[in-house]
Amino acid sequence: MKSFVVLMLVTFVSFLLITPALAVNADDLPKYSKVYDEKSDPFKDANAAIKLAQKTQRNVLIEIGGNWSSWCKKMDVFLAENPDVYQKLHSKFVLLKISVSESNENEAFMKSLTPVLGYLHRYVLTSSGKMLLSKYTAELLIGK
């Protein structure tokens, strides 16, 4: 599991080197950066994430998943157990977690993105909202 998460993060290494590091306090992160909220408006959250990215000179990392996803849970555990990676991630990206579930598929928002092949799927956007990367993270698995 750890190798999967490390490989997934390696995908974003080039982006991690673009902007200066910011100190990140978990309490200061917006709700959309901490949890998959089925009741949240993804368009409102995306607009807020882009504004924050512009203000802090970071890119936006969109995670498409949910509280039901084992990979999403593994990623959260990995980040909790590796505070240096957690800090680096949040210092370089505004994380936007978009919930997709049986009770709320967020269809309109999902249609605004390139197709998702599976979960956990990630997108990287510039602070102006331009798509830089769309990645189905299962592609990064090597021998499970």
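Conventions used here
Residues numbered from 1 in each chain as written. Predicted model: local features only at pLDDT ≥ 70, side-chain atom pairs only at ≥ 80, totals over all residues. Heavy atoms only, no water. Helix = DSSP H or I, 4+ residues; strand = E, 2+ residues; numbered from the N terminus. Expected span 1.5 Å × (residues − 1). Buried < 20%, exposed > 50% of the residue type's maximum accessible area, 1.4 Å probe, protein only. Arc of directions from axis to C-beta. Polar contact = N/O pair within 3.5 Å; in protein donor to acceptor, adjacent residues only side chain to side chain. Phe/Tyr/Trp six-rings, centres within 6.5 Å; stacked < 30°, edge-to-face > 60°. Pairing = 2+ DSSP bridges. Axes fitted to C-alpha atoms, helices over the stretch in contact; angles between N-to-C directions. Contact = heavy atoms within 4.5 Å. Salt bridge = Lys/Arg side-chain N within 4 Å of Asp/Glu carboxyl O.

Engineer: Got a sec to walk through helix α4 (residues 70-81)? Specific residues and values, please.
Structural biologist: Here α4 spans 16 Å end to end across twelve residues, near enough to the 16 Å set by a 1.5 Å rise per residue. Residues Cys72, Met75, Phe78 and Leu79 constitute the buried set of α4. Buried positions in α4, seen along its axis, are confined to an arc of 125° and lie on one side of it. Turned more than 90 degrees away from the buried face of α4, the exposed residues are Ala80 and Glu81.

Engineer: Lay out the environment of threonine 126 in plain terms, naming residues and giving numbers.
Structural biologist: Looking at where threonine 126 falls in the secondary structure, it is placed in the loop between β3 (121-125) and β4 (131-136). Its relative accessible area of 17% is what places threonine 126 among the buried residues. Along the chain, threonine 126 and isoleucine 50 lie 76 residues apart, while their C-alpha atoms are 8.1 Å from each other. Polar side-chain contacts of threonine 126 include one of 2.9 Å to the side chain of serine 128.

Engineer: Outline the packing of aromatic side chains, supporting the account with residue identities and numerical values.
Structural biologist: Taken as a whole and assessed by the stated rule, the structure comprises two aromatic pairs. Arranged with centres 5.2 Å apart and planes meeting at 75°, the rings of phenylalanine 43 and phenylalanine 109 form a pair that is edge-to-face. Highlighted residues: phenylalanine 43 in helix α3 (residues 42-56) and phenylalanine 109 in helix α6 (residues 107-111), separated in sequence by 66 residues. Given a relative accessible area of 5%, phenylalanine 109 falls into the buried group. Note on tryptophan 68 and tyrosine 119: the rings are 5.4 Å apart at their centroids and 90° apart in plane angle, and the pair reads as edge-to-face. Pair noted here: tryptophan 68 is in the loop between β1 (59-65) and α4 and tyrosine 119 is in the loop between α6 and β3, with a separation of 51 residues, a long-range link.

Engineer: So what's going on with the sheet that holds β3? Which residues, and what values?
Structural biologist: Read from one edge of the open sheet, four strands run β2-β1-β3-β4, paired in mixed fashion. Strands at the two margins of the open sheet, each flanked by one partner only, are β2 (93-99) and β4. Strand-to-strand twist of the sheet, defined as the mean angle between neighbouring strand axes without regard to direction, takes the value 15°. Pairing analysis gives five bridges linking β1 to β3, with the strands arranged antiparallel. Across the sheet, glutamate 63 pairs through a bridge with arginine 122, a residue of β3. Taken strand by strand, α3 contacts β1 and β2, and its axis lies near 175° from that of β2.

Engineer: Before we move on, can you summarise the pattern of salt bridges with the specific residues and values?
Structural biologist: Using the criterion set out here, one finds three salt bridges in the structure. Residues aspartate 37 and lysine 31 are paired through a salt bridge, measuring 3.0 Å at the closest nitrogen-oxygen approach. Between glutamate 63 and arginine 122 there is a salt bridge, with the nearest N and O atoms lying 2.2 Å from each other. With a gap of 59 residues between them, glutamate 63 in strand β1 and arginine 122 in strand β3 connect regions that are remote in the sequence. Overall, arginine 122 belongs to the buried group, its relative accessible area being 0%.

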